[in-house]
Amino acid sequence: MTFSSPFSFDYSRLLAELQEGVWSMSYKARRFLYFNPALEEIFGGAVCDENQSPTGWWDAIYPPERDRLTQALNTLKLGEVKELHYPIIRPDGSMRFLRNKFWRVRGTPARFEGVITDLTTQTLNPPSATPNSPLEAFFLTVPTGIALLDFDLRFRFINQYLAQLNGKTVAEHLNHSIAEVLPEQVAFFAPLCEQVRSTGEAILEQEVTTVDPQHPTQESTWSVSLFLAQVANGEVLGVGVLVNDISQQKAAFRERQAATQALLVSEQQLQKAQRIAHIGNWEFDVLTQQVSWSEEMFRIYGWDTEGEAPSLEQFTEYIHPDDQPLHHDIVSHTLATGHPFRLDYRIYQANSGELRHVDVRGEAVSNEQGEVIQLFGTVLDITERRQAELALRQREEFLRSIYEGISQVIFILDVDPEGDFYYVGWNTFADQLMKIPSSSIVGKTPREVFGEELGASLSANYARCVAAGQPISYEECLFVESEMIWFLTTLNPLRNEQGELYRIVGTAQTINDRKLTEMALKESQAQLQASAKTRDALQKLLASQIRQSLDLQTVLEATVTEIYNLLPVSACTFAWYRPPDEKMPDDSIFALGYWEVITEAKLPESLSYLGQFPSAADPMMLEQLQEGQSFQIEDTQGVTAPIMRAFFLERGVTSALFLPIPTNNGLGVLNCMRSAEIEPWDEVALELLQMATDQIAIAINQSELYQKAQSKTRELEQTLEELQKAQINLVQAEKMSSLGQLVAGIAHEINNPINFIYGNLEPARNYAESLLSLIRLYQETYLEPTPEIVEAVEEMDLEFIKEDITKLLDSMWLGSIRIRDIVQSLRTFARLDESGFKSVDIQENLDSTLMVLRNELKTERHEMPNIMVARNYGDLPSVYCDIGQLNQVFFNLITNGIDAIKQRDRQWDIEDILANPGCIAIETELLNQKWIKITIADNGIGIHSDKISQVFDPFYTTKGVGEGTGLGLSVSYQIIVNNHQGRLSCESELGKGTKFMIELPVQGKQ
């Protein structure tokens, strides 16, 4: 495999010729950047895979030496040079002894560089008594047993370490067979040596147990590897033997097994604890970029527990996009500084997409140079905690909104063990009512806040609550800046976990209005008893009201108001009984009809009595009232009907009185309610109310007569209105008929001469072309005309005439076509040959109306643009209608739009008009198979919103005096709505324009 040289200049030729293997490897990725051909010759094959990972090199190293090489690379400092000696086993089974000398280099990228030398020949030569070189000394003293056996199993070489393992000297081994030196090991080594000799393949790491010569009562375990030993020229020397005493490793392995089992149990317990606490742990290897997760980590992040932990890039994708920058910055800071970190962020679970909150903590592990090589930490799922915090925050906000927003005093006191009370605070309403800010009462006693006298009274009430150990309520009166305020106060004691009463939460509702009401009711009752003589005055007052107004509602309102003012009642109402009919709700509660309260007089703060209430709420009351008997409820607490009981409780009614008023129109009832103490209705009040009901009955009868007269009057007015509409239609029809005859006559008179002109244009064109041809012939025949002809030609400008005469005739022809179209539009608009309902093309008639009004589209000032027409026609079918009448509607609506635009332009500056020129927009569309819609809109002056409802009234006009009759829109409405069963509506905004919408049935009126 070829790599580019990492050196500053090209040593490629030199490196390729070296016997030593030269290599360069990246510091973090541990991938080859370069190696020369000699390296693969030494290793007997490829040293890396297609990704330049040193897999071939790593696999060839004698396994016990791999950890030593890894540790040496990981701890290598900048500028330091290390040298390791270790054996390798090549793919062909042969063994080589290598020296690897390497160092670390700063650069881009940071890398290792080194040189590997093959020392096999020097190693396998039989040693002399005294080492001849440092290398020989190394093999004699290296802590790995090394020996060379010939095929007779004689020791040709053995180092000191292996001789000591056997309990003998090196000399006792050399040139002696295994049978002579280690007879107990012959059965183990003989077949293995024969296998290596016959196959040529190495046998690695075979374990054998032997007696420890140093401790005969103990056994030792060896790891033995055998290989075919040969030198560079291929000569086979025998069988090489490598022996490692792994007794301690085996013991350590057994200890590790026990520790592993204990660790497994511990890890299982940890996993359970992590699963319960939602805590996972993680590790990140900076050098290999590998991520390790605990089982709970997979659950927290919603990852498949059977799969591998995600890479750093995959993991980052599931962090909330808004939190990714923070995560990146903090982790980068830790990698750069080694400082621990902690952060909260949001993740999306991989399997469900659910948003979760996690608390992540991490610490760094650094090497001797202070470089971070590993991160590890924990992840805590805090989603439920965050949700609980959010719920708690929302609850606190809710309670705070109640505390601060309620129109009621709320205060809090701490109860001292010695019985003293200290304010913790009160709400904003209390601040405003008491004129004392909450901040100034914190930690103070009632005496310190309110003074000695009032403070003592308040403290006594608080002590009563403590003594009772339960909530208490009472009324109290306080003076705030000389203003008397009544409160209904409730004290609620709170206890701690030990059951000790430590705090009081109080509420105080102002009841001034209720107190004033109670006093007013008492005063009113006293006044009633003193004013029994005034019933005649009341009778005269009611009679006066009846004479002054025949309107029943007015009389009833005056009556209930006077009774409310004179009697000690909280409300007085009048209600009609409505018998059951088909308009009632389908509910058994309405089976006996309902009461409809139509007028009331009541306390301002009480609920309204107006509305409908089912009479089945109390059938006995209905029966008694229908018989003409009054109905009393002396105590509403005794009412058993749920609906009526709820009605009284909602309004604070304690007693009620119902008096019947039979009339020709049905049963009426005068109702009086009280909200004070429960007491019977006295004779004076009953007598006064009975007199009032008699007067109401008279008023009702007179009102009935008045209503009949009013009904007759309305009938006469409706007849008069219909006569006026008929007269308007006749006038407008006559007007349009005259206009149609005029238009048709003009069209006829224009049509005859234009036909004459149009018919002679083609012969005139032929004559002109013949004369021009003759002139050209003369000019070609007589090339030298006389001076008189030349002068005449120049004077008449013959060339211009020849060129212009054809254009002149074309213009005349186009003009005649235009006049013909105008005549046709006039005839279409007039429709003298059509009357009654027929199927017609609506859009054709709109165009005809626009043609008739074309001159009206011109503006009054030459510098202003003419009024534009914007058509947006849909695909309409023929409509069955009276087109003559519809043309009248189109004419009226478009004329109104033109007038509105001109009226606007008179008020605007020329710059505003040029920026927003006048425009009539006409749009047609098919709403469905049965209806079409025609919209005629303008951007004129518009109509005020409070006048839109009057635009279709006869004789109503928005134009100036003398500018409009007020009949056009009224007639148009009659034509569309009455004659065609269609719909005509108007929308307008003052200063922006008006829009009329016409909706017509396709098949005409039914």
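First, a word on scope: everything that follows refers to the structure included in this document. (Residues numbered from 1 in each chain as written. Predicted model: local features only at pLDDT ≥ 70, side-chain atom pairs only at ≥ 80, totals over all residues. Heavy atoms only, no water.)

What follows covers helix 13 (residues 324-337). Each α-helix turn comprises 3.6 residues. Residues three or four places apart therefore point the same way. With 14 residues, helix 13 should cover 20 Å at 1.5 Å per step; its first-to-last C-alpha distance of 20 Å lies within 8% of that length. Those residues of helix 13 lying buried are His 327, Val 331 and Thr 334. For helix 13, the angular spread of the buried residues around the axis is 55°, confining them to a single face. Exposed side chains of helix 13 directed beyond 90 degrees from the buried face belong to His 328 and Ala 336. Looking at the buried positions of helix 13, the neighbouring elements they touch are helix 12 (312-317), strand 13 (341-348), strand 14 (355-366) and strand 15 (372-381). Positive backbone phi, at 80°, marks Gly 338, one or two positions downstream of helix 13. (Helix = DSSP H or I, 4+ residues; strand = E, 2+ residues; numbered from the N terminus. Expected span 1.5 Å × (residues − 1). Buried < 20%, exposed > 50% of the residue type's maximum accessible area, 1.4 Å probe, protein only. Arc of directions from axis to C-beta. Contact = heavy atoms within 4.5 Å.)

Let us now look at the sheet that holds strand 16 (residues 409-415). Reading across from one edge, 17-16-20-19-18 is the order of the five strands in this open sheet, with antiparallel pairing throughout. The open sheet has two free edges, formed respectively by strand 17 (421-426) and strand 18 (472-480), since each of these has just one partner strand. On average, each strand axis in the sheet is inclined to that of its neighbour by 30°, with strand direction left out of account. For strand 16 and strand 17, the ladder comprises five bridges, and the chain directions are antiparallel. (Pairing = 2+ DSSP bridges. Axes fitted to C-alpha atoms, helices over the stretch in contact; angles between N-to-C directions.)

This part covers the packing of helix 27 (residues 883-907) against helix 29 (residues 968-979). One way to put it is that helix 27 packs onto helix 29 with a least axis distance of 9 Å and a crossing angle of 140°. In terms of orientation, helix 27 lies oblique with respect to helix 29. Pair helix 27 / helix 29 crosses with left-handed handedness. Seen from helix 27, the contacting residues are Gln 885, Leu 886, Gln 888, Val 889, Asn 892, Leu 893 and Asn 896; seen from helix 29, they are Gly 968, Leu 969, Val 971, Ser 972, Ile 975, Ile 976 and Asn 979. The residue makeup of the contact of helix 27 with helix 29, split by class, is seven nonpolar, seven polar and no charged. (Parallel < 35°, antiparallel > 145°, perpendicular 65-115°, else oblique. Left-handed = near helix turned anticlockwise from the far one by under 90°. Nonpolar A, V, L, I, M, F, W, Y, C, P; charged D, E, K, R; others polar.)

Attention now goes to the packing of aromatic side chains. Evaluated as defined, the whole model comprises 26 aromatic pairs. Judged by centre distance (6.4 Å) and plane angle (45°), the rings of Trp 23 and Phe 102 are tilted. In this pair, Trp 23 is assigned in strand 1 (residues 21-26) and Phe 102 in strand 4 (residues 95-105), connecting sequence segments 79 residues apart. There is no split in this pair, since Trp 23 and Phe 102 are both buried. Ring geometry for Trp 293 and Phe 315: centres 6.2 Å apart, planes at 85°, overall edge-to-face. Highlighted residues: Trp 293 in strand 12 (residues 291-293) and Phe 315 in helix 12, separated in sequence by 22 residues. Classification of Phe 315 as buried rests on a relative accessible area of 12%. Aromatic ring contacts, followed pair by pair, group Trp 23, Phe 32, Phe 35, Phe 43, Trp 57 and Phe 102 into a single cluster. The ring of Phe 151 is capped by Arg 197, whose NZ or CZ atom sits 5.7 Å from the centre of that ring. (Phe/Tyr/Trp six-rings, centres within 6.5 Å; stacked < 30°, edge-to-face > 60°. Lys NZ or Arg CZ within 6 Å of the ring centre and 35° of its normal.)

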